[in-house]
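Analysis of the macromolecular model
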4 protein chains.
Amino acid sequence: MDDIEIEAVAEADLSDAVLIEGLPGVGNVGKLAVEHLLEEFEEAQLVRRVYADVFPPQVSIEDGVAELTHTEIHAVETPGDGPDLLLLTGDHQSQSNEGHYHLTDAFLDIAEEFGVEQVFALGGVPTGELVDEPSVLGAVADDARIEELEDADVEFRDGEPAGGIVGVSGLMLGLGSRRGLDATCLMGETSGYLVDPQSAQVVIEVLQQLLDFEVDFEALEDRAEEMKEVAGKIQEMQQQQQSIASDDDLRYIG
Amino acid sequence: MDDIEIEAVAEADLSDAVLIEGLPGVGNVGKLAVEHLLEEFEEAQLVRRVYADVFPPQVSIEDGVAELTHTEIHAVETPGDGPDLLLLTGDHQSQSNEGHYHLTDAFLDIAEEFGVEQVFALGGVPTGELVDEPSVLGAVADDARIEELEDADVEFRDGEPAGGIVGVSGLMLGLGSRRGLDATCLMGETSGYLVDPQSAQVVIEVLQQLLDFEVDFEALEDRAEEMKEVAGKIQEMQQQQQSIASDDDLRYIG
Amino acid sequence: MDDIEIEAVAEADLSDAVLIEGLPGVGNVGKLAVEHLLEEFEEAQLVRRVYADVFPPQVSIEDGVAELTHTEIHAVETPGDGPDLLLLTGDHQSQSNEGHYHLTDAFLDIAEEFGVEQVFALGGVPTGELVDEPSVLGAVADDARIEELEDADVEFRDGEPAGGIVGVSGLMLGLGSRRGLDATCLMGETSGYLVDPQSAQVVIEVLQQLLDFEVDFEALEDRAEEMKEVAGKIQEMQQQQQSIASDDDLRYIG
Amino acid sequence: MDDIEIEAVAEADLSDAVLIEGLPGVGNVGKLAVEHLLEEFEEAQLVRRVYADVFPPQVSIEDGVAELTHTEIHAVETPGDGPDLLLLTGDHQSQSNEGHYHLTDAFLDIAEEFGVEQVFALGGVPTGELVDEPSVLGAVADDARIEELEDADVEFRDGEPAGGIVGVSGLMLGLGSRRGLDATCLMGETSGYLVDPQSAQVVIEVLQQLLDFEVDFEALEDRAEEMKEVAGKIQEMQQQQQSIASDDDLRYIG
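Residues numbered from 1 in each chain as written. Chains lettered and ligands numbered in written order. Predicted model: local features only at pLDDT ≥ 70, side-chain atom pairs only at ≥ 80, totals over all residues. Heavy atoms only, no water.

Description of the overall build of chain A
Of regular secondary structure, chain A possesses 6 helices and 12 strands. The C-alpha radius of gyration computed for chain A amounts to 20 Å, which stays within 12% of the reference 18 Å derived for 254 residues, consistent with globular compactness. Principal-axis analysis of the C-alpha atoms gives chain A an extent of 75 × 45 × 35 Å. Burial statistics for chain A: of 254 residues in total, 55% are counted as buried. If you sum the accessible surface of chain A, you get close to 11600 Å²; carbon and sulfur atoms cover 41% of it. In chain A, 11 positive and 58 negative side-chain charges are present, and the distance between their average locations comes to 6 Å. (Helix = DSSP H or I, 4+ residues; strand = E, 2+ residues; numbered from the N terminus. Rg over C-alpha atoms; globule rule 2.2 N^0.38 Å. Buried < 20%, exposed > 50% of the residue type's maximum accessible area, 1.4 Å probe, protein only. Areas by Shrake-Rupley, 256 points an atom, 1.4 Å probe, with all protein chains shown as cover. Lys, Arg positive; Asp, Glu negative; His and termini not counted. Charge placed at Lys NZ, Arg CZ, Asp CG, Glu CD.)

See the structure below:
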């Protein structure tokens, strides 16, 4: 196996294709968003797998069958007038610094192979607390895009995200722009503590406005409900632990 | 020395050879199993050594003589009708992420050189507690194999092993299957705390059914007895420490 | 993107150019110094960007626009008779050991492209406490330079800096000298706890003597005043915390 | 600079040369031994410097002059009938796993360039406590050498050194033997807590027997005296701390 190996699974003839990347990250917002799109677009077709020696050296098991760590790219010929989509997701990011650069280059090579000129990197920005109505923050390679994004409810806040954008999503902007691609990062606000389907939904809602497609959100809303229950239980447990601690303090002083 | 160097020590003309890999891991189950086969098959002949700059930079010493870290592959022309065997073991795995991939590729290159079409990766799956009658869990590259393995008492449990399979054993499945090899991982249940000869034995018993060979188990059973004694003493010591701790608690409150 | 990629942004015809390097380090002395020179020399022109897979895989965001981690080199055709300047700075150093060597080589390649024969690496040397009147310590590739530097108020103290000089500044000396370049490291004394504009200023004052240029220091002096206030507040907070701790001790014994 | 760069400083016509390696390690025994030989053999001539991107990216400073991290090899045309010597030492070992292998290969390439057929790697073996009369333990690439070494007072103890030999000294044996070189590791017993000139001396005494040379030991004996004083003071301080701790216990219970 080469250091990075691209397996051509199938071909697709896409028009005006846009790459949408959603790898694991804060709140898994990007990954949840892309996985939701893969479920909702029945016509999604696996076109490429990317294997790399910088991925964790492991296989995942499902129904007893092993699968080597990889990133998948699916092609979607969308029903409407909007652009076709290349959806990129996986379970892992690079385990090495240099690997992030070289993997992102491989992903952009594949995108350019399909004629892609516009790239969206999806992720989460941590707020440190549960957010009722998460906003979508943006970052771009070229400021000419900002107005159109603000019209689609993307917020550009001064000094945010603090610390920039790390990992493949950041490199999609950085390396994508150096290739002359139109690159945008959309980040849903999320606590940072839990996987966040609600944040994934608001990010897709922005994409729907920009790319003129429409998907159903019931599956994501159900998962958001589940997460709200989980979050509630965690808060209960934390309060119980704090009261026990107070009791312990009393006994100690006594 | 090249990054990975394969030393051809001898040649062997094998028919219908099967690779069996047993490197250090959970409970050292795979390593113990392969070492036991090497002891029992007197006709085992060292054919290859693999050196690599991703192995720990060290030599082991035996009778004052140094040996550079390496993986060994022995060829066994088995007495019966069953396939011949290529037995792979060593004291260390790769120290780097990328190294796991490239070493496994080297091992599979050697296997293919000997006409191998089927690969077994042996290991342990940790249960967290001592197990009286360990089962053997399985994972495959191709689900067509599952039935035959279940007939040989291999269990396929939903969601296990949790977290997939990490290291060379997992890559044997992942990279092996991408080369069109028939790859299976057999994992004996083990506590995860101790080296486990009993678990190694049940794994070999499965292999015996599948590959039509037979070995004696006395040496492994003796080691299993020793380990039971060691496990017993550790439990005693832990109970003593806990009672001392209780006494300390009493003195503290007093 | 290659492992190290040099982007030629513009060209400049420099005479007798000197490279001045100021990357992040102790007290950020070198970085502050070069950034100050970039502000003061209006004629500074960006000539090169250096990208590398050993830089953190991230983009910084300013006004919503992303920029991939890189090192910048600006050319300054200085007004007076002194040499022209190549000013090198950035937000990050290499994240890998080998990367430090290869990046420094790339920086020196660029310097040689512009006919540079003399190199200054700027940094800080930590004293462990706030210093009222920081000195500038020196280290050279060739002892023939020591006298001229001492005349410019650079101090060469026996055994300092203890532990040598680590990172790109040290390699500027080491690799620069092996290329036959005249290389000097100037290190302003600094506490090591805070970013230190005052230390940056004394380093520039030495450079002014050596390279016959002149800049205004008001901006740096303003920042030094701010840092003095910050340092004062931190000392207050520490004293308050210590007195609270003492009270706690009393309550415990009581 | 290449990944590993060998600088030819001078040439020497050696007869029957033997390589003696002493890099930093346990008790710095090997390094002290080789540095002592370099002081005692006035005719020692620097022939090679080895630079590498796996060495720490730093320069050491002496009298204000910087020197890039490197390993040095000196040639000694010894006065007597014994073999000439190639003495290898430095301040650092590789910072990466793979680097140990590639550096050792570079060192052995240089040795073979000078017609070396025999290699001695010097080091320390930690005993965990101060040793009055340290022995020298041995390990070889070829057991044919054991008898001659035992005649020179080298001890071969079963199971020692436990854990084998790690780093360049171990690889000198492992890679040296794979090149057909006669390789021996001599390890002086040492506490492991302190630099140990006495252990370095006993190792050199063995080499004197084997290689028919003679050096004076006064400088090493002086340093051994200093270390004994330092060791004594450390023991005093530890005893004082323990008695203070006991007093604290009494106050606590009271």
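Thoughts on the interface of chain D and chain C
Taken residue by residue, the interface counts 24 residues in chain D and 27 residues in chain C. Between chain D and chain C the total buried area reaches about 1800 Å² when both faces are included, carbon and sulfur atoms providing 56% of it. If you sort the residues of chain D by the area they bury against chain C, Met 1, Asp 53 and Pro 57 of chain D come out on top, with a joint share of 31%. Between Glu 7 of chain D and Arg 178 of chain C there is a salt bridge whose closest N-O contact spans 3.2 Å. At the boundary of chain D and chain C, one finds 14 residue pairs in polar contact (both at pLDDT 80 or more). Contributing elements (two or more residues each) for the side of chain D that touches chain C: strand 1 (4-8), strand 3 (45-52), strand 4 (58-62) and strand 5 (65-68) of chain D. When residues in the side of chain D that touches chain C are grouped by element, the largest group, 4 residues, is from strand 4 of chain D. Counted by class, the side of chain D that touches chain C contains 13 nonpolar, 6 polar and 5 charged residues. (Contact = heavy atoms within 4.5 Å. Buried area = accessible area lost by both parts, 1.4 Å probe. Salt bridge = Lys/Arg side-chain N within 4 Å of Asp/Glu carboxyl O. Polar contact = N/O pair within 3.5 Å; in protein donor to acceptor, adjacent residues only side chain to side chain. Nonpolar A, V, L, I, M, F, W, Y, C, P; charged D, E, K, R; others polar.)

Concerning the interface of chain A and chain B
Every contact between the two is made by 24 residues of chain A and, on the other side, 27 residues of chain B. Area buried by chain A at its contact with chain B is led by Met 1, Asp 53 and Pro 57 of chain A, which between them contribute 31% of it. At the boundary of chain A and chain B, one finds 2 salt bridges. When residues of the side of chain A that touches chain B are traced back to their parent elements, those giving at least two are strand 1 (4-8), strand 3 (45-52), strand 4 (58-62) and strand 5 (65-68) of chain A. It is strand 4 of chain A that contributes the most residues to the side of chain A that touches chain B, 4 residues altogether. Taken together, the residues of the side of chain A that touches chain B break down into 13 nonpolar, 6 polar and 5 charged.

Re the packing of helix 2 (residues 97-113) of chain C against helix 4 (residues 168-178) of chain C
Residues and elements named next belong to chain C. In contact at an axis separation of 9 Å, helix 2 and helix 4 are set at 65° when each is read in the N-to-C sense. Crossing of helix 2 over helix 4 shows right-handed handedness. For the pair helix 2 and helix 4, contact is made by His 100, Tyr 101, Thr 104, Asp 105, Phe 107 and Leu 108 and by Val 168, Leu 171, Met 172, Leu 175 and Gly 176, respectively. Considered class by class, the residues forming the contact of helix 2 with helix 4 number 7 nonpolar, 3 polar and 1 charged. (Axes fitted to C-alpha atoms, helices over the stretch in contact; angles between N-to-C directions. Left-handed = near helix turned anticlockwise from the far one by under 90°.)

Some thoughts on the relation of the copies chain A and chain B
Aligned on chain B, chain A shows an RMSD of 0.0 Å; the corresponding rotation is 90° and the shift along the axis is 0.1 Å. The relationship between the two copies is best expressed as a four-fold rotation axis. Residues of chain A ranked by C-alpha distance from the rotation axis are headed by Ser 96 of chain A, positioned 7.3 Å from it. The fraction of interface residues of chain A whose copies in chain B are also interface residues is only 4%, indicating that the copies meet through different surfaces. (Least-squares fit on C-alpha atoms with pLDDT ≥ 70 in both.)

Some remarks on the arrangement of the chains
Chain B makes no contact with chain C; the smallest distance between any of their C-alpha atoms is 14 Å. Separated without contact, chain A and chain D have their nearest C-alpha atoms at a distance of 14 Å.

Here we look at the nonpolar core
Soluble globular proteins: nonpolar side chains tend toward being buried together. In terms of nonpolar packing, the biggest core is built from 169 residues, with Leu 86 of chain A, Leu 19 and Leu 86 of chain B, Leu 86 of chain C together with Leu 86 of chain D touching the most fellow members. The contacts of Leu 86 of chain C, once residues within four sequence positions are left out, are Leu 14, Val 18, Leu 19, Ile 20, Val 47, Ile 73, His 74, Ala 75, Ala 111, Phe 114 and Val 116 of chain C. (Core = buried A, V, L, I, M, F, W, Y, C linked by side-chain atoms within 4.5 Å.)

Comments concerning the relation of the copies chain D and chain C
At an RMSD of 0.0 Å, chain D and chain C line up after a rotation of 90° and a shift of 0.1 Å along the axis. A share of only 4% of the interface residues of chain D reappears at the interface of chain C, consistent with the copies meeting through non-equivalent patches.

A look at the confidence of the model for chain A
Taken as a whole, chain A shows an average pLDDT of 93; of its residues, 96% reach a score of 70 or greater. In the predicted assembly, ipTM is 0.90 and pTM is 0.92. (pLDDT = per-residue confidence, 0-100.)

Some points on the packing of aromatic side chains
Residue and element names in this part refer to chain D. Summed over the entire model, instances satisfying the criterion amount to 4 aromatic pairs over all chains. Pairing Phe 41 with Phe 213 gives two aromatic rings, centres 5.6 Å apart and planes at 65°, and the pair type is edge-to-face. Of this pair, Phe 41 sits in the loop between helix 1 (29-40) and strand 3 while Phe 213 sits in the loop between helix 5 (197-211) and helix 6 (218-253), placing them 172 residues apart in sequence. Looking at Phe 41, the relative accessible area reads 4%, which means it is buried. (Phe/Tyr/Trp six-rings, centres within 6.5 Å; stacked < 30°, edge-to-face > 60°.)

Concerning the layout of surface pockets
Its volume calculated, the largest pocket comes out at about 1400 Å³. Along the wall of the largest pocket there are 40 residues; nearest its centre are Glu 98 of chain A, Asp 3 and Glu 98 of chain B, Glu 98 of chain C together with Glu 98 of chain D. If you list the elements that add at least two residues to the lining of the largest pocket, you get helix 2 (97-113) of chain A, helix 2 (97-113) of chain B, helix 2 of chain C together with helix 2 (97-113) of chain D. Taken together, the residues of the lining of the largest pocket break down into 8 nonpolar, 20 polar and 12 charged. (1 Å grid on protein atoms, 1.4 Å probe; cavity = no way out; pocket = protein on both sides within 12 Å on 5 of 7 lines; lining within 4 Å. Points joined across faces, edges and corners; volume = space filled by probe spheres on them.)

Focus: unusual backbone geometry
Residue Pro 161 of chain B follows Glu 160 of chain B across a cis peptide bond; omega there is 0°. Structurally, the position occupied by Pro 161 of chain B is in the loop between strand 10 (154-155) and strand 11 (165-166). A positive phi is found at Asp 212 of chain B, a non-glycine position, where the angle reads about 60°. You can see Asp 212 of chain B is positioned in the loop between helix 5 (197-211) and helix 6 (218-253). Backbone geometry at Asp 153 of chain C places phi at a positive 75°, although glycine is not the residue there. Among the structural elements, Asp 153 of chain C can be located in the loop between helix 3 (146-151) and strand 10 (154-155).

A few points about the side chain of Glu 189 of chain B
All names here are of chain B. Examined against the element boundaries, Glu 189 turns out to sit in strand 12 (residues 182-190). A relative accessible area of 11% means that Glu 189 is categorised as buried. In this structure the side chain of Glu 189 is engaged in a polar contact, spanning 3.0 Å, whose partner is the backbone nitrogen of Ser 135. One polar contact links Glu 189 to Arg 157, side chain to side chain, over a distance of 3.1 Å. Setting aside chain neighbours within four positions, we find Glu 189 in contact with Val 125, Thr 127, Val 131, Glu 133, Pro 134, Ser 135, Leu 137, Arg 157, Asp 196 and Ser 199.

Some thoughts on the pairing of strand 4 (residues 58-62) of chain C
When a strand is regular, its side chains alternate between the sheet's two faces. Pairing geometry for strand 11 (residues 165-166) of chain A and strand 4 of chain C, over 2 bridges, is antiparallel. Each residue of the ladder has a partner; that of Ile 165 of chain A, found in strand 4 of chain C, is Val 59 of chain C. The pairing of strand 4 of chain C with strand 5 (residues 65-68) of chain C spans 4 bridges and is antiparallel. Its bridge partner being in strand 5 of chain C, Glu 62 of chain C is matched across the sheet by Val 65 of chain C. A loop of 2 residues connects strand 4 of chain C with strand 5 of chain C, the two strands running antiparallel in sequence, and Asp 63 of chain C in this loop sits at a positive phi of about 55°. (Pairing = 2+ DSSP bridges.)

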